[in-house]
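Next come the chains, spelled out residue by residue.
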Amino acid sequence: MTNEGARQRIGFGLLLAATLLVVLPVLAIIVLIVTKGWSALSLEFLFTMPRDGMRAGGIFPAILGTFVLVLTSIAFALPIGVMAAVYLSEYAKDNVLTRIINLAIINLAGVSSVVFGLFGLSLFVVFLRFGVSIISGALTLGIMTLPVIITTTREALRAVPKSYREVSFSLGASRWQTIRHSVLPFATPGILTGAILSIGRVAGETAPILFTVAAFYLPKLPHALGDQVMALPYHLYIATTQIPGVPENYRYGTALVLIGLVLVMNIAAARIRSRFRRKR
Amino acid sequence: MNSRIGKAKIEVKNLTIHFGKVQAIHDVSLDIQPNEILSIIGPANSGKTSFLRSLNRLNDFEPRLRINGSIKLDGLDIRNDIEAEDLRKRVGMIFALPIPLPRSIYDNITYGPRLAGLRDKTTLDRIVEESLKAAYLWDEVKDRLRSSAQKLSGGQQQRLCIARTLALRPEVILFDEPCSGLDPISTAKVEESMLELRKSQTIVLVTNNTKQAARVGTRTAFFLMGELVEIDATEKIFTAPRDPRTNDYIVGRFG
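Predicted, not measured: the structure shown is a model, and the values here were computed from it. In this convention, every chain numbers its residues from 1, walking through the sequence in written order. Note on labels: chains are lettered from A, ligands numbered from 1, in written order. Predicted model: local features are reported for residues with pLDDT of at least 70 only, side-chain atom pairs are reported and counted for 80 or more only, and whole-chain, interface and lining totals are derived from all residues.

*Asks:* Is there a simple way to explain the overall build of chain B in this structure?
*Replies:* A run of DSSP states H or I qualifies as a helix once it reaches four residues; a run of E qualifies as a strand once it reaches two. Both are numbered from the N-terminal end. When helices and strands are tallied, chain B shows 10 helices and 10 strands. Radius of gyration: C-alpha atoms only; globule rule: 2.2 Å multiplied by the number of residues to the exponent 0.38. What you see for chain B is a C-alpha radius of gyration of 18 Å, in line with the 18 Å of a compact globule of 255 residues. Sorting the 255 residues of chain B into buried and exposed places 46% on the buried side. For every residue pair, C-beta atoms are placed from the backbone, and the pair is scored as a contact if these atoms sit within 7 Å. Taking the contacts inside chain B whose residues are at least 6 apart along the sequence as the reference set, 69% of them involve residues at least 24 apart. Here a residue counts as buried when 20 or more other C-beta atoms sit within 10 Å of its C-beta, as exposed when there are 12 or fewer, and as partly exposed otherwise, the C-beta atoms being derived from the backbone.

*Asks:* How should I be thinking about the pairing of strand β4 (residues 65–73) of chain B in this particular structure?
*Replies:* Here is the key point about a regular strand: its side chains alternate between the two faces of the sheet. Residue and element names in this part refer to chain B. Across 8 bridges, strand β1 (residues 10–19) lies against β4 in antiparallel orientation. Bridge pairing in β4 places Lys13 opposite Ser70. Pairing analysis gives 2 bridges linking β4 to strand β5 (residues 76–77), with the strands arranged antiparallel. Within β5, the position partnered with Lys72 by the bridge is Asp77. Only strands that DSSP links by at least two bridges are regarded as paired with each other.

*Asks:* Looking at this structure, I do not really get the sheet that holds strand β9 (residues 219–224) of chain B. What am I missing?
*Replies:* Adjacent strands of a sheet form backbone hydrogen bonds with each other and so pair up, either parallel or antiparallel. Residues and elements named next belong to chain B. Taken together, the 6 strands give an open sheet; going across it, the order is β6-β7-β8-β3-β9-β10, and neighbouring strands pair in mixed fashion. Edge positions in the open sheet fall to β6 (91–94) and β10 (227–233), since each of these has one partner strand only. Going from strand to strand, the sheet's axes swing by 20° on average, the running direction of each strand aside. When strand β3 (residues 37–41) meets β9, the two strands line up parallel, connected through 4 bridges. Counted as the bridge partner of Leu38 is Arg219 from β9. Helix axes are fitted to C-alpha atoms over the stretch in contact, other axes to C-alpha atoms as well, and angles between N-to-C directions run from 0 to 180 degrees. Running at roughly 150° to strand β8 (residues 202–206), helix α1 (residues 48–55) makes contact with β3, β6, β7 (172–176), β8 and β9 of the sheet.

*Asks:* Even after reading the chapter, I still don't get the pairing of β8(B), so can you show me in this structure?
*Replies:* All names here are of chain B. Of all the 5 residues making up β8, 5 are buried; the element is thus mostly covered by neighbouring parts of the structure. Side chains Thr202, Val204 and Val206 project from β8 onto one buried face, and the interleaved Ile203 and Leu205 project onto a second face that is buried too. In this structure, β3 lies alongside β8, joined through 4 bridges in parallel fashion. Looking at the pairing, Ile40 lines up with Val206 of β8. When the strands point away from the viewer, a crossover counts as right-handed if the route from the first strand across the helix to the second turns clockwise. In terms of handedness, the path from β7 via helix α7 (residues 184–197) over to β8 forms a crossover that is right-handed.

*Asks:* Just to check I follow, could you spell out helix α5 (residues 113–127) of chain A for this structure?
*Replies:* At 3.6 residues per turn, the α-helix brings residues three or four places apart onto the same side. Residue and element names in this part refer to chain A. Given a helix with a known number of residues, its expected span is that number minus one, times 1.5 Å. Taking 1.5 Å of rise per residue, the 15 residues of α5 would be expected to cover 21 Å, and the 20 Å separating its terminal C-alpha atoms lies within 8% of that figure. By the largest-angle criterion, Gly120 marks the main kink of α5, which is about 30°. Tucked inside the fold, the buried residues of α5 contact α6 (134–159) and α9 (207–210). Bend, in this description, refers to the angle at a residue between axes fitted to the seven residues ending there and the seven starting there.

*Asks:* Just to check I follow, could you spell out the sheet that holds strand β2 (residues 22–32) of chain B for this structure?
*Replies:* Reading across from one edge, β2-β1-β4-β5 (chain B) is the order of the 4 strands in this open sheet, with antiparallel pairing throughout. At either margin of the open sheet sits one strand with a lone partner, and together these are β2 and β5 of chain B.

*Asks:* Just checking my understanding: could you explain the packing of helix α7 (residues 162–170) of chain A against helix α8 (residues 175–204) of chain A for this structure?
*Replies:* In helix packing, the relevant descriptors are the interaxial angle and the interaxial distance, both defined with respect to the helix axes. Residues and elements named next belong to chain A. Two elements in contact, α7 and α8, have axes whose closest approach is 9 Å; the angle formed by their N-to-C orientations is 155°. The orientation of α7 relative to α8 falls into the category roughly antiparallel. Every pair of crossing elements has a handedness; the one defined by α7 and α8 is right-handed. Along the contact surface, α7 presents Tyr164, Arg165, Ser168 and Phe169, while α8 presents Thr178, His181, Ser182, Val183 and Phe186. Gly is put with the polar residues, along with every residue not named as nonpolar or charged; the nonpolar set is Ala, Val, Leu, Ile, Met, Phe, Trp, Tyr, Cys and Pro, and the charged set is Asp, Glu, Lys and Arg. Considered class by class, the residues forming the contact of α7 with α8 number 4 nonpolar, 4 polar and 1 charged. An angle below 35 degrees is read as roughly parallel, one above 145 as roughly antiparallel, one from 65 to 115 as roughly perpendicular, and any other as oblique. Helix crossings fall into two classes, left-handed where the near helix is turned counterclockwise from the far one by less than a right angle and right-handed where it is turned clockwise.

*Asks:* Even after reading the chapter, I still don't get the packing of helix α3 (residues 105–115) of chain B against helix α6 (residues 154–166) of chain B, so can you show me in this structure?
*Replies:* Residue and element names in this part refer to chain B. Where α3 meets α6, the axes come as close as 7 Å, and the angle between the chain directions of the two elements is 35°. The element α3 and its partner α6 pack so that their crossing is right-handed. Only Leu160, Ala163 and Arg164 of α6 make contact with α3, whose side of the interface consists of Ile105, Asn108, Ile109, Tyr111 and Gly112. Across the contact of α3 with α6, the residue classes tally to 5 nonpolar, 2 polar and 1 charged.

Take a look at the structure:
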C-alpha cells in the first residue's frame, strides 16, 4: 500500500512538474516584456509617427498596419475557410479526391511561413500585379491561416449532434436548409474559436508580410488596399537588428504593444462568441 | 376503417436493403392500410428500424446503402415519383430519444412549416396551438412558448417532438421506439396521443415493448434477422401466431 502511495505521489509530481515547465516560459516572456517595455508606453508612443530614424516618437503606423492586416486577412480567410469546411464535412463523399484535399490542407498547415511569403510575392505581387500592398499581404496571410480555420470549423461542425441533422431532414428540410438552420448556428462558437486562433498567428507573422506588404519606414497612414503599411512584427525586427541606437525600452515596448493588440482583438472576438453561445 | 378497403396507404414490395455487405432487410413485402397502427416488433438487429427509416428515405444518408424493390405511397414510388423533402413532409418521424432542437418551444414547432415557406404569423400561431393540443402538451407549455425546448422534461420533450411532426400535417407518422426512454406515465400519454392520431393519420410503430404493440397496434408485424416472419391482426399475433418463431419471441418476452 505505502509503495503504491509513493508511486502515486511520484507520478503526480512528474505531471505537475511538466505542467509548471510549460507555464514557466510563458510567465517569463510576459514578465520580461512588461518590465522592460512598460516605461516606453505613452500616448505619444501609441499614437504618433516615428521620429529620428525610428529611434524616437511613436509606432502608430505599425499598430494600425497590423490591425488592418488582421482584419482584411480574416475577412478573406474566414468565409472561404468556413465554406470549404462546410463542403468537406457536409457534402463531400469519402473518395480519393476528398482524401487528397484533406492531405493538402494538412500539408498547407505544415508549410513554413517564409514559403508563404515567397508564394505571395510571386502570385499576388508579381503575377497578379497587386504590388507590395495590403491586399497582397492580407491574401498571403489569409492563405496561411486557412488550414487553421478549416480544421477548427470542421471540428465545430462535427460536434453538432447527428440527430439535429436527422430531425431537420425528417421535417422536410433540404440539405442546405438543414446546414443553414440546424448545423451552422450551433457550430458558430467553435468556428469563431478558429478565427481567434488565426488572429494571433496573423498579427505575429513576419515572413509572409516581408515581401508582400511591409514597409521599412512609412510615416503616413494607409488610405487604400493598394497601399503599403508598416507592421509591428517587422518593425520590431528592424528596430532590433537594422537600426543602431534604438532605446531598449522602445523595442520591448513594441513587443508589448503587439501582445496587447492580439489580446484586445482576442477579447473582442471572444465576446462576439459568447453572444452566440447565449443566443441558443 | 376506410371506405376503400384494400387500397393501401403504403405498399412495400420485395424490399431488400444492404448497408455495404451487410444485408439489413431481406425481401420484405407488406401493405400498410390507411388509419391503422401497424406495430413492428422483433429482437435487436431484426431490421425493424432500417425498414422504418426506408419509408421516409432517412437512411439515404448512409454512405453504402443499396435498396432494391419498391415502396409506394398512395400508388407513387417514393424513390422515383416524389422528392425526398416532399416525402418527409408527408411521412413524419418520431425518434427513439426526444431531440428538441436548441431553440424555443415555438421555434421547434414552426421549424418545418417555416422552411416549407410559411411566414404568416397568425397561421403559425394557430399551427403551434393545434399541434400542441393534439400532442397533449398545450396546457403544460402555453404560457412559456418562447422558453427553451430543452428545459422540458423527457416526456414533455417527446410530446413536443410529436407536436413538431404534426405541425406539417403528415399523412403517415413513423414512431421509432418512441417510449424507450420514458417513464410509464409519459408512455401512457404518448400511447394515448397515438390512438387519437390514428383517426386522421396512418401510424407505423417500431417497438421493443411487445406489450405496447399489443395495447395500441391494429396489426402487428414480427421481424427476425431482416425478414418479415409474420403480419396479422394484433390479437391474432398475440394469441394464435402461425409461425412458431413468433410464438417463441412473444412467450419469451412475457414468460
